[in-house]
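So the chains spell out like this:
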Amino acid sequence: MLYPITVEVLHQVFSPHGYVEKIVTFQKSAGFQALIQFQLRQNAVAARNSLQGRNIYDGCCQLDIQFSNLEELQVNYNNERSRDFTSPSLPSEQKGRPSQPGYGDAGVGYPQMNNAAAIAAAFGGGLPPGISGTNDRCTVLASNLNPDRIDEDKLFNLFSLYGNIVRIKLLRNKPDHALVQMGDGFQAELAVHFLKGATLFGKRLEVNFSKHPNITMGAETHEYLNSNLNRFNRNAAKNYRYCCSPTKMIHLSTLPQDVTEDEIISHLEEHGNIMNTKVFEMNGKKQALVLFQSEEQATEALVCKHATTLADSMIRISFSQLQSI
């Protein structure tokens, strides 16, 4: 980019082909990118046919245009990086903060640079239905928890399915509330999307974005930033692909090689009725599937028994999207 590309420049280039509703620009490892939403599908097709490979400025800023898998852009602020032309009254920035972090600002917002490739690999270049990819808030508020049974490590076991955990804080003045700071805004959005309405310890969870951008360190804050139990430090693409809402089926890995079904059942049966189990080998490593009677029982087993020891092996538990064994 020899010359700056703003929302205004993009609007000028694309609007001759139809009514442009929204534009979001962002920086990624591959360079400057933009998402442009037309009112009509045929306008998007016409714009691509006409503009693909053309230069915005003479001899530079050549356009490479592809169709996006996103159905709808979510624009929170109207400024030089994002614009909703259907909603001109949007604020230019969040109160008390600099203008909106874009889809790809490193350190905040949409997947950090090292994350973007993993997400693209996991979701085939698109995003799961219902995930906007535009959230920049890293901290979520979990409420309607069961204060008698919940603790920070159990929350870690659940929320770490959707991203790396930085810190967790149970609120002393509201014992059924907790703040969970995720690694970035995309991971926080996955947690909110997949955990909202899940049932744990007899309570239906409420999971929303917090007004706090992060959790300050303190005596009541549990630190997980450097925990080797964070799942997304390794095989991030695979972990993103397995993200889902709680299911009745859990998947156990890193099991002892000589483990039996009876040992697995006795390790988990206090959490609910086990309907079926299957022990198998994958790439020479012992794994298992355990089907519970309900999602709540499976969720309880996961939060209580992930990262516990079974015959000298620390086991790893996640939800399986398989319907039956």
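Since we're looking at a predicted model, the values are computed, not measured.

Thresholds applied
- Residues numbered from 1 in each chain as written.
- Predicted model: local features only at pLDDT ≥ 70, side-chain atom pairs only at ≥ 80, totals over all residues.
- Heavy atoms only, no water.
- Helix = DSSP H or I, 4+ residues; strand = E, 2+ residues; numbered from the N terminus.
- Buried < 20%, exposed > 50% of the residue type's maximum accessible area, 1.4 Å probe, protein only.
- Contact = heavy atoms within 4.5 Å.
- Areas by Shrake-Rupley, 256 points an atom, 1.4 Å probe, with all protein chains shown as cover.
- Pairing = 2+ DSSP bridges.
- Axes fitted to C-alpha atoms, helices over the stretch in contact; angles between N-to-C directions.
- Salt bridge = Lys/Arg side-chain N within 4 Å of Asp/Glu carboxyl O.
- Left-handed = near helix turned anticlockwise from the far one by under 90°.
- Nonpolar A, V, L, I, M, F, W, Y, C, P; charged D, E, K, R; others polar.
- Core = buried A, V, L, I, M, F, W, Y, C linked by side-chain atoms within 4.5 Å.
- Phe/Tyr/Trp six-rings, centres within 6.5 Å; stacked < 30°, edge-to-face > 60°.
- Lys NZ or Arg CZ within 6 Å of the ring centre and 35° of its normal.

> Mind laying out the overall build of the protein, listing which residues take part and the relevant values?
Looking only at helices and strands, one finds eight helices and 18 strands in the protein. When each of the 325 residues of the protein is scored for burial, the buried share is 50%. Put simply, of all contacts in the protein between residues at least 6 apart along the chain, 66% involve residues at least 24 apart. Counting every atom, the protein has about 16400 Å² of accessible surface; 47% of that belongs to carbon and sulfur.

> Report on the sheet that holds strand β6 (residues 139–143), specifying residues and quantitative values.
Read from one edge to the other, the open sheet built from five strands follows the order β11-β6-β8-β7-β12, with strand pairing classed as antiparallel. Either end of the sheet is taken by a strand with one partner, and the two such strands are β11 (206–209) and β12 (221–223). Between one strand and the next, the sheet's axes are offset by a mean angle of 20°, whatever the strand orientation. The pairing of strand β7 (residues 165–170) with strand β8 (residues 178–182) spans five bridges and is antiparallel. In the sheet register, I168 faces β8, and the bridge partner there is V180. Docked against the sheet, helix α5 (residues 185–195) engages β6, β8 and β11, running at close to 150° with respect to β11.

> Before we move on, can you summarise the pattern of salt bridges with the specific residues and values?
Applying the stated criterion across every chain, the model contains seven salt bridges. Here D151 makes a salt bridge to K154, at a shortest N to O gap of 3.2 Å. For D151, a relative accessible area of 26% translates into the label partly exposed. The shortest N-O distance in the salt bridge between E220 and R172 comes to 2.8 Å. Of the two residues, E220 sits in the loop between β11 and β12 while R172 sits in the loop between β7 and β8, which places them 48 residues apart along the sequence. E220 gets classed as partly exposed once you look at its relative accessible area, which sits at 33%.

> Quick rundown of the packing of helix α4 (residues 152–159) against helix α8 (residues 295–305)? Include the residues and the values.
Think of two packed helices as two axes; the pair is described by the angle between the axes and how far apart they sit. The N-to-C vectors of α4 and α8 enclose an angle of 115°; their axes lie 7 Å apart at closest approach. Viewed along their axes, α4 and α8 form a crossing whose handedness is right-handed. For the pair α4 and α8, the contacting residues are K154, N157 and L158 in the first and T299, L302, V303 and C304 in the second. Class assignment for the residues of the contact of α4 with α8 results in four nonpolar, two polar and one charged.

> I'd like to hear about the nonpolar core, residue by residue, with values.
Grouped together as the largest cluster of nonpolar side chains are 58 residues, with contacts concentrated most on F159, Y162, Y240, I250 and L252. Broken down by element, this core gets its largest block of residues, seven residues, from α5. Core analysis: the second largest hydrophobic core is formed by 15 residues, F14, C60, C61 and L63 among them.

> Any chance you could break down the packing of aromatic side chains for me, citing the residues and the numbers?
Per the stated rule, a full pass over the model turns up five aromatic pairs. Centroid distance F186 to Y240: 5.7 Å. Interplanar angle 65°. Geometry classified as edge-to-face. Of this pair, F186 sits in helix α5 while Y240 sits in helix α6 (residues 236–241), placing them 54 residues apart in sequence. Given the relative accessible area of 0%, F186 is considered buried. Members of the aromatic cluster, each reached through a chain of ring pairs, are F186, F232 and Y240. A cation sits over an aromatic face here: K278 above F280, 6.0 Å from the ring centre.

> An account of the sheet that holds strand β13 (residues 249–253) is requested, with residue identities and associated values reported.
Across the sheet, four strands lie side by side as β14-β15-β13-β18; this open sheet has antiparallel pairing. If you trace the sheet from one side to the other, it starts and ends with β14 (274–282) and β18 (316–319), each paired once. On average, adjacent strands in this sheet sit at an angle of 20° to one another, irrespective of strand direction. Sheet strands in contact with helix α7 (residues 261–268) are β13, β14, β15 (285–292) and β18, and its direction is about 130° off that of β14.

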